[in-house]
Structures are given as C-alpha cells and as structure tokens.
Amino acid sequence: QVQLVESGGGLVQAGGSLRLSCTASGRTFYGMGWFRQAPGKEREFVATISWSSGMTRYANSVKGRFTISRDNGKNTVYLQMNSLKAEDTAVYYCAGDTIRAYVDAGSPYWGQGTQVTVSS
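Calculation rules
- Residues numbered from 1 in each chain as written.
- Predicted model: local features only at pLDDT ≥ 70, side-chain atom pairs only at ≥ 80, totals over all residues.
- Heavy atoms only, no water.
- Helix = DSSP H or I, 4+ residues; strand = E, 2+ residues; numbered from the N terminus.
- Rg over C-alpha atoms; globule rule 2.2 N^0.38 Å.
- Buried < 20%, exposed > 50% of the residue type's maximum accessible area, 1.4 Å probe, protein only.
- Contact = heavy atoms within 4.5 Å.
- Areas by Shrake-Rupley, 256 points an atom, 1.4 Å probe, with all protein chains shown as cover.
- Lys, Arg positive; Asp, Glu negative; His and termini not counted.
- Charge placed at Lys NZ, Arg CZ, Asp CG, Glu CD.
- Salt bridge = Lys/Arg side-chain N within 4 Å of Asp/Glu carboxyl O.
- Pairing = 2+ DSSP bridges.
- Axes fitted to C-alpha atoms, helices over the stretch in contact; angles between N-to-C directions.

S.K.: Could you give an account of the overall build of the protein chain, with specific residues and numbers?
M.R.: Assigned secondary structure in the protein chain consists of zero helices and 11 strands. Listed by position from the N terminus, the elements making up the protein chain come as β-β-β-β-β-β-β-β-β-β-β. For 120 residues, the compact-globule formula gives about 14 Å, and the C-alpha radius of gyration of the protein chain, at 13 Å, lands near that figure. Here the C-alpha coordinates of the protein chain stretch approximately 40 × 25 × 25 Å along the principal axes. Here the protein chain holds 120 residues, and 43% of them are scored as buried. Put simply, 56% of the contacts in the protein chain that link residues at least 6 apart link residues at least 24 apart. For the protein chain, the exposed surface amounts to about 6,100 Å²; the carbon and sulfur share of it is 47%. Within the protein chain, one finds 12 positive and 8 negative side-chain charges whose respective centroids are separated by 4 Å.

Here you go:
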C-alpha cells in the first residue's frame, strides 16, 4: 500500500519558519514534491525534487525562502520554509511520482495534507 504521510504543519508568525516532512512507503518514487491549496484557491505547485539526482524546482513565489530536500535512507522529503508570509497560509500536500523525476498536478500519489497558518 502506497502511503505519503506529512507532518510539521502548524501556526507561526510572519517571518518565522517551519519544516514539513513527508515520509513515503509502499513504492519506489522517482520524484516527490509539495503543493499547497489556500481557501478559495486552486491547488498550486510549490517545489519538487528528483529522488535520484537531488535536482530541484521551485515556484517563483517561494524561491529564496523555501528549500526542498530529501533523505534517501528515511524515504523522507522535507520542505524548509523560512521568512513565511501570511499568503503562505494553506494546506500543504506532499506528492509522489513513480515514473517521472518531478511531480506535477497529474502525479498519482498524494498525502492527506498538513495545515500551515501564518499570522500577520
């Protein structure tokens, strides 16, 4: 059974930091990443990482503030979020792909989501 389990969300003041974790099990993933969905908005891409090469891609809105990384031994991908803004408030979802080295909205595996709330 494929599972992606997120953790690390919470409430933080603007300018603060949080680190999200996503632990994968059940399949070998080639790409993993993060999306987010704010109330009343569509789900949007945040960051993705190639499991083998470690190469990364980011949404322009988070470049320079967020860092995605992975720990192969723990089958875990992280999203370090610094300099958080109120507009970063959303449910953050982990995504995984067993064919491609990067995730997008069409990737087949998703976690249950973790809430991140940034107070201004």
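S.K.: Give a detailed account of the pattern of salt bridges, specifying residues and quantitative values.
M.R.: The tally for this structure, following the rule as stated, stands at five salt bridges. In this structure, Arg36 engages Glu44 in a salt bridge whose closest nitrogen and oxygen atoms are separated by 2.6 Å. Beyond isolated ion pairs, a larger network of salt bridges with shared partners links Arg36, Glu44, Arg65 and Asp88.

S.K.: Describe the pairing of strand β11 (residues 114-119), naming the residues involved and giving the relevant values.
M.R.: Burial of the side chains of β11 is restricted to one face: Thr114, Val116 and Val118 are buried, whereas none of Gln115, Thr117 and Ser119 on the reverse face is. Relative to β11, strand β2 (residues 10-13) runs parallel, the two sharing four bridges. By the bridge assignment for β11, Val12 is matched with Val118.

S.K.: Quick one: what's the story with unusual backbone geometry, residue by residue and with numbers?
M.R.: Its identity is not glycine, yet Asn75 carries a phi of approximately 50°, on the positive side. With respect to the helices, strands and loops of the structure, Asn75 is situated in the loop between β7 (66-71) and β8 (76-81). Even without glycine at this site, Ser83 takes up a positive phi of about 50°. Position of Ser83 among the secondary structure elements: in the loop between β8 and β9 (90-97). The class of Ser83 is partly exposed, set by a relative accessible area of 41%.

S.K.: I'd like a rundown of the sheet that holds β8, residues and numbers included.
M.R.: Sheet architecture is open: four strands sit in the order β1-β3-β8-β7, paired in antiparallel fashion. Looking at which strands have only one partner, the edges of the open sheet turn out to be β1 (3-7) and β7. Pairwise comparison of adjacent strand axes, ignoring direction, gives a mean angle of 15° for this sheet. As paired strands, β7 and β8 are joined by six bridges and run antiparallel to one another. Looking at β8, one finds that Arg70 is bridged to Val77.

S.K.: Any details on the pairing of strand β3 (residues 18-25)? Residues and values, ideally.
M.R.: A regular strand carries its side chains on alternate faces of the sheet. Relative to β3, β1 runs antiparallel, the two being bridged by five bridges. Of the residues in β3, the one forming a bridge with Glu6 is Cys22. Here six bridges tie β3 to β8, and the two strands are oriented antiparallel to one another. Residue Thr23 lies in a different strand from β8, and its bridge partner there is Thr76.

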